[in-house]
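# Per-entry structural report
Okay, here's what each chain looks like letter by letter:
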Amino acid sequence: MTSAVVPDHPWLLPGALAVPTERGRSRPRRTTRDWIVDGLCFLVSLFWVLVVTFDAAAPNPEMTAPPPYDWMIVADGLVGLVCCALLWFRRRWPVGLAVATLPFTAFSMAGAVPLLILFFTVIVHRRTAVALALTGAGIGTNFLLAYLRPEPGMPYWASMAWGVVLSGMVLAWGMFVRARRQLVVSLRERAERAEAEQQLRVAQARQSERTQIAREMHDVLAHRISLLSLHAGALEFRPDAPPDEVARAAAVIRGSAHAALQDLREVIGVLRAETAVEADPERPQPTLADLPALIEESRAAGVRVNASHGVAEAHTVPAAVGRSAYRIAQEGLTNARKHAPGAVVTVGVAGGPGAGLTVDIRNRWPVGGTTDAGIPGAGTGLVGIAERVTLAGGRLEYGRDGTGDFRLAAWLPWPA
């Protein structure tokens, strides 16, 4: 989840654009810019109320015709002052205040400016339909205002036309401001959504990489631990073995344990790396050219392996295909040591560009069924191999064949 984008100078923007709405609040907080604008609107409106009131009370008014009674001048001034005070609440209740003060637009000249500001607030903060409805109502009351308070030296139709033009100008200006604010909000939401999607893609990539690392470590550690268990079992059941055999088995155990610890250290380091910290370069991943060394390692552990390598130049195999073939053979040899100890394992690799690469591992089914050699395992090795082959676009088969042997066979695409 991403945080809202905060501008460099939020006090220069309206509250709707600068401050995200907090949970439980129906409107954003007022910014410094809002306070300044509201203060200016109040002062300008108050100045207008005073000018109009004193002009109406003068012997020869210049701005508008005086009302028939003197008390109406005072009432008009009070209406203007009330409208000025309502400007401080126009952001909270724009429509309610505009509707409540709509009758004043029919006779009040002192409240003309604050009433126009209230009308402008509705246009900026509410839907266009609401703004158009209030505009139509305001034009209707303008007919009464031009009749009750005519301007000296101006005919009725001219006063009406001027009122309609002024209402249209305020409407157009408010709609422009509203459209601009909506554009800014839309761009902000798009930026926040793009940031969230980017974080999601990064998280998915990290999860995919960790899954791949976990699959690699399963294959590697299962192979190492099976060798450890096999040699340790030999030492346990042959305590009277010659010293040179004991030393050789101990050397294999030490080497396998060292390699397993190194692999484990690498994967833990990668999984703990939450930030971009320089780490030791990863060791080269195995390829098909490393398969003979894997087979010799199993033979040194006492596993009888018959290998047939039908690929003349192993280094020409694509790295991803060769690594998958290596892991499949590694998983097959590990399963044979775990579940069929003592059985002969046949490993066959064949193929070429365009025809694909075939990996076939077979071992005799143990008499009496599979056994447990005491080697720990997660039980997900074949599942991981199946996922690896599927991602590579290949096919995988495993299980007992027609002859009763256990067979693990995979075909991997090898582009021409």
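Scope of this entry: the structure provided in the associated data block. (Residues numbered from 1 in each chain as written. Predicted model: local features only at pLDDT ≥ 70, side-chain atom pairs only at ≥ 80, totals over all residues. Heavy atoms only, no water.)

## Here's the deal with the overall build of the protein
Note the following rule: Each helix corresponds to a stretch of at least 4 residues labelled H or I by DSSP, and each strand to a stretch of at least 2 residues labelled E; elements are numbered beginning at the N terminus. Think of it in three bands: residues with accessible area under 20% of the maximum for their type are buried, residues over 50% are exposed, and the middle band is partly exposed, with areas taken using a 1.4 Å probe on protein chains only. Contacts were defined at the residue level, with two residues in contact if any of their heavy atoms lie within 4.5 Å. Only the protein chains shown count as cover for residues, and the accessible areas themselves come from Shrake-Rupley with a 1.4 Å probe.
A count of helices and strands for the protein gives 11 helices and 5 strands. Burial analysis of the protein (416 residues in total) assigns 36% to the buried set. Residue pairs in contact within the protein that sit at least 24 positions apart in sequence constitute 70% of those at least 6 positions apart. Of the roughly 23,800 Å² of accessible surface on the protein, a fraction of 64% belongs to carbon and sulfur atoms.

## Thoughts on the sheet that holds strand β3 (residues 356-363)
Neighbouring strands of a sheet are bound in pairs by backbone hydrogen bonds; such pairs are parallel or else antiparallel. Rules: By this definition, two strands are paired if DSSP reports at least two bridges between them. Here, axes are lines fitted to C-alpha atoms. For helices the fit covers the stretch in contact, and angles between N-to-C directions go from 0 to 180 degrees.
Across the sheet, 5 strands lie side by side as β1-β2-β3-β5-β4; this open sheet has mixed pairing. Each edge of the open sheet carries a strand with a single partner, namely β1 (305-309) and β4 (395-400). Averaged over all neighbouring strand pairs, the angle between strand axes comes to 5°, with direction disregarded. Direction of pairing for β3 relative to strand β5 (residues 406-412): antiparallel, over a ladder of 7 bridges. Its bridge partner lying in β5, Arg 362 is registered against Arg 407. Seen against the sheet, helix α10 (residues 319-339) touches β1, β2 (345-352), β3 and β5 and runs at an angle of roughly 5° to β3.

## Describing helix α3 (residues 70-86)
Threshold: The span you would expect from a helix comes to 1.5 Å times its residue count less one. This arc describes the spread of directions from the helix axis toward the C-beta atoms.
The terminal C-alpha atoms of α3, which comprises 17 residues, lie 25 Å apart, in line with the 24 Å expected from a rise of 1.5 Å per residue. The set of residues buried in α3 consists of Ile 73, Asp 76, Gly 77, Val 79, Gly 80, Cys 83 and Cys 84. Within α3, the buried residues cover an arc of 160° as seen down the axis, which keeps them to one side. α3 presents Trp 71 and Val 74 as exposed residues on the side facing more than 90 degrees away from its buried surface. Where α3 is buried, its residues contact α2 (32-57) and α5 (112-125).

## Points about the packing of aromatic side chains
Note on aromatic pairs: each is described by the distance of the centres and the angle between the planes. Inclusion rule: Only centres within 6.5 Å qualify two rings of Phe, Tyr or Trp (six-membered ring in Trp) as a pair; their planes then separate them into stacked at under 30 degrees, edge-to-face at over 60, and tilted for everything else. Either the NZ atom of lysine or the CZ atom of arginine qualifies as a charge over a ring when it sits within 6 Å of the ring centre and within 35 degrees of the ring normal.
With the rule as written, the count across this model stands at 6 aromatic pairs. With a centroid separation of 6.2 Å and an interplanar angle of 80°, the aromatic rings of Phe 104 and Phe 107 are classed as edge-to-face. The class of Phe 107 is partly exposed, set by a relative accessible area of 36%. Ring pairs connect the aromatic residues Trp 35, Phe 42 and Trp 88, which therefore count as one cluster. When the ring centre of Trp 411 is taken as origin, the NZ or CZ atom of Arg 395, which lies over that ring, is 4.5 Å away.

## Some thoughts on the nonpolar core
This is how it is decided: Residues belong to one nonpolar core when they are buried, are Ala, Val, Leu, Ile, Met, Phe, Trp, Tyr or Cys, and are joined through side-chain atoms within 4.5 Å.
Leu 288, Ile 328 and Leu 357 are the most contacted members of the largest nonpolar core, which has 29 residues in total. Among the elements that make up this core, the one with the highest residue count is α10 (7 residues). Among residues more than four places away in sequence, those in contact with Ile 328 are Val 359, Ile 361, Ile 385, Val 389, Leu 408, Ala 410 and Leu 412. Grouped together as the second largest cluster of nonpolar side chains are 11 residues, Ala 131, Leu 134, Leu 171 and Val 177 included.

## Comments concerning the pairing of β2
Note the cut-off: When the strands point away from the viewer, a crossover counts as right-handed if the path from the first strand over the helix to the second runs clockwise.
Inspection of the sheet shows β1 paired to β2 by 5 bridges, in the parallel sense. Looking across to β2, one finds that Asn 306 is bridged to Thr 346. The β-α-β motif built from β1, the intervening α10 and the parallel element β2 has left-handed crossover chirality. Joining the antiparallel neighbours β2 and β3 is a turn of 3 residues, in which Gly 354 adopts a positive phi near 90°.

## Points about a nonpolar patch on the surface
Applicable threshold: Patch members must show over 30% relative accessible area and no salt bridge, and they are joined within 9 Å when carrying like charges or within 5 Å when they are nonpolar side chains of Val, Leu, Ile, Met, Phe, Trp or Tyr. In the sections that follow, a salt bridge refers to a side-chain nitrogen of Lys or Arg positioned within 4 Å of a carboxyl oxygen of Asp or Glu.
Where nonpolar side chains cluster on the molecular surface, the patch consists of Phe 107, Phe 143, Leu 144, Tyr 147, Leu 148 and Tyr 156 and spans about 630 Å² of accessible area. Take the nonpolar patch: its biggest share by element is 4 residues, from helix α6 (residues 128-148). Looking at the secondary structure, you find Tyr 147 in helix α6. Overall, the relative accessible area of 61% leaves Tyr 147 in the exposed class.

## So, the side chain of Thr 101
Rules: Whenever two N or O atoms come within 3.5 Å, that pair is a polar contact, provided that in protein one can donate a hydrogen and the other can accept it, and provided that, for residues adjacent in sequence, both atoms are side-chain atoms.
Checked against the element boundaries, Thr 101 lands in the loop between α4 (94-100) and α5. Residue Thr 101 is classed as buried on the basis of its relative accessible area of 5%. At a separation of 3.4 Å, a polar atom in the side chain of Thr 101 contacts the main-chain carbonyl oxygen of Ala 98. Residue contacts for Thr 101: discarding those within four places in its chain leaves Leu 86, Leu 115 and Leu 118.

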